[in-house]
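# Analysis of the macromolecular model
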Amino acid sequence: MQLKDVEAGLTSDILLRRPDILMAEHQLLSANANIGAARAAFFPRITLTLGAGAMSAALGDLFGSGTGTWTFVPQITQAIYGRRLAKGQSQGCKS
């Protein structure tokens, strides 16, 4: 794709509509997102799950008193062996 030279006196709005400028901008945004994802791999993932319901042996007693149940499951996950891989991905995204 061959683009014409920019003439003096044109506004910058014309430059922002050029396909090569738009492509470079999107590539920069994509690279920045990849760096953020690679950095996030260094930190632990925290998940909190909460559930509530009712439980009974008979259907008629399902909504009676004392049939309520609940669960709370906290979880923290940290990669032990993937740290070297995450570091390599982070460095690769920066270059």
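## Describing the overall build of the chain
Along the backbone of the chain there are three helices and two strands. The order of α-helices and β-strands along the chain, N terminus first, is α-α-β-β-α. In the chain, buried positions account for 5% of the 95 residues. For the chain, the proportion of contacts with a sequence separation of at least 24, taken over those separated by at least 6, is 51%. Counting every atom, the chain has about 8500 Å² of accessible surface; 61% of that belongs to carbon and sulfur.

## Some words on the environment of Val-73
Its location among the elements puts Val-73 in strand E2 (residues 68–77). With 24 residues separating them in the primary sequence, Val-73 and Thr-49 have C-alpha atoms 5.1 Å apart. Beyond its immediate stretch of four places on either side in the chain, Val-73 contacts Thr-47, Leu-48 and Thr-49.

## Points about the pairing of strand E1 (residues 45–54)
The element E1 is largely exposed, with a buried count of zero among its ten residues. As paired elements, E1 and E2 share ten bridges and run antiparallel to each other. Considered in E2, the bridge of Leu-48 is made with Pro-74.

## Looking at the confidence of the model for the chain
This prediction gives the chain a mean pLDDT of 79; 81% of its residues lie at or above 70. Per-element averaging of pLDDT across the chain places helix H3 (residues 83–94) at the bottom with 60 and E1 at the top with 91.

## A word on a nonpolar patch on the surface
Taken together, the side chains of Ile-46, Leu-48, Leu-50, Trp-70, Phe-72 and Ile-76 define a hydrophobic patch exposed on the protein surface, amounting to about 800 Å² of accessible area. Among the elements of the structure, E1 and E2 are those that each provide at least two residues to the nonpolar patch. Residue position: Phe-72 is located in strand E2.

Cut-off values and rules
Residues numbered from 1 in each chain as written. Predicted model: local features only at pLDDT ≥ 70, side-chain atom pairs only at ≥ 80, totals over all residues. Heavy atoms only, no water. Helix = DSSP H or I, 4+ residues; strand = E, 2+ residues; numbered from the N terminus. Buried < 20%, exposed > 50% of the residue type's maximum accessible area, 1.4 Å probe, protein only. Contact = heavy atoms within 4.5 Å. Areas by Shrake-Rupley, 256 points an atom, 1.4 Å probe, with all protein chains shown as cover. Pairing = 2+ DSSP bridges. pLDDT = per-residue confidence, 0-100. Patch = residues over 30% accessible without salt bridge, like charges linked within 9 Å, V, L, I, M, F, W, Y side chains within 5 Å. Salt bridge = Lys/Arg side-chain N within 4 Å of Asp/Glu carboxyl O.

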